[in-house]
Amino acid sequence: MYTTLISASDLALHTERSNWVVLDCRHDLMDTNAGQAAYDLGHIPGAQFVNLDQRLSAAKIGPDGVFRGRHPLPEKGDFIASLRNLGVNDDSQVVVYDAHGGMFAARLWWMLRWVGHATVAVLDGGLPAWQAAELPLTTVVPALGSGNLSNRPALVGSVEVSQVLANISKPTRTVVDARAADRFRGENETMDPVGGHIPGAKNRFFKDNLQADGRFKPAAQLREEWMTVVSDASQAIMQCGSGVTACHNLLALEVAGMHGAALYPGSWSEWCADASRPVER
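Keep in mind it's a predicted model, so treat the numbers as computed, not measured.

Trainee: Hey, could you go over the pattern of salt bridges for me, with residue numbers and the actual values?
Mentor: Under the counting rule described, the total for this entry stands at 13 salt bridges. One salt bridge connects R179 with E189, and the closest N-O pair in it is separated by 3.4 Å. Here R179, found in the loop between β7 (174–177) and α8 (181–184), pairs with E189, found in the loop between α8 and β8 (202–203); they are 10 residues apart in sequence, far enough to count as distant. Accessibility expressed as a relative area gives 3% for R179, which makes it buried. One salt bridge connects R277 with D274, and the closest N-O pair in it is separated by 3.8 Å. Within this structure, R70, D177, R179, R183, E189 and D192 form a network of salt bridges that share partners.

This is the structure we're talking about:
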């Protein structure tokens, strides 16, 4: 059972097993068609494509007319139905990958845990690691039947914007921002209309979880580094620009054996949409 990371060599041994589901999460925030195009050119045998905007996010404007961020979570029922359409069963070992060090795959990893599915892992090093091992690609799109995935108790936690706001005046939890340091400081902001960060937040760029080859750092090293950021993961909130790369930090914490951190799905994009919320630079 794989619940955090899986190597390319281990995945290669299981791609033809009927209870394994492989999902391709490649994406480009500036070109939302790039992931599908890359998948069409070649993907891991048996893999199906999952679009971040279509399957892993809901409408940016909620039923109340309020902006909820660039990638708000879908309704759980809708997400489970989508996973069933991908052939995910309660006993499926799911493997998710991208070509970006896990920055998008980690979102799907977290969301599967959000609906109670523990047996999901990110391909360590992603597609580049698969190709470096000289493993095959295909353009064949698999035809799979419907799955029977159930909605089980969540294995992860999340918080709403009101909880993050309340934490500023009575700080009991550590907020950690996964964006690059310049965006955290309010510089070079290209994705959101306001630069800066949530007051009191700390910064841990998600790419700092990776080695030079794009694979995650060893668990002991991740733990040593993360202990300088959060002493108690169960009292931490992970956020980023839109709730995507924050999941990379959540995965790194899990690999490090530091459990219990929560996701703020709306993240900076939701936070900065309301001018009444404080901003720090």
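Trainee: Which residues make up the sheet that holds strand β10 (residues 262–263), and what are the values?
Mentor: Strands sit in the order β6-β10-β9-β7-β8 across an open sheet of 5 strands; the sheet is parallel. The open sheet has two edge strands, β6 (157–158) and β8, and neither has a second partner. Sheet topology note: the strand β9 (residues 236–239)/β10 ladder contains 2 bridges and is parallel. By the bridge assignment for β10, M238 is matched with L263.

Trainee: Quick rundown of the packing of helix α5 (residues 105–114) against helix α10 (residues 246–255)? Include the residues and the values.
Mentor: Two elements in contact, α5 and α10, have axes whose closest approach is 8 Å; the angle formed by their N-to-C orientations is 70 degrees. Relative to α10, the element α5 lies roughly perpendicular. Once α5 is placed against α10, the crossing between them reads as left-handed. For the pair formed by α5 and α10, the contact residues are A106, R107, W109, W110 and R113 on the first element and C247, H248, L250, L251 and E254 on the second. Taken together, the residues that form the contact of α5 with α10 break down as 6 nonpolar, 1 polar and 3 charged.

About the cut-offs
Residues numbered from 1 in each chain as written. Predicted model: local features only at pLDDT ≥ 70, side-chain atom pairs only at ≥ 80, totals over all residues. Heavy atoms only, no water. Salt bridge = Lys/Arg side-chain N within 4 Å of Asp/Glu carboxyl O. Helix = DSSP H or I, 4+ residues; strand = E, 2+ residues; numbered from the N terminus. Buried < 20%, exposed > 50% of the residue type's maximum accessible area, 1.4 Å probe, protein only. Pairing = 2+ DSSP bridges. Axes fitted to C-alpha atoms, helices over the stretch in contact; angles between N-to-C directions. Parallel < 35°, antiparallel > 145°, perpendicular 65-115°, else oblique. Left-handed = near helix turned anticlockwise from the far one by under 90°. Contact = heavy atoms within 4.5 Å. Nonpolar A, V, L, I, M, F, W, Y, C, P; charged D, E, K, R; others polar.

Taken by themselves, the reported measurements are silent on function.
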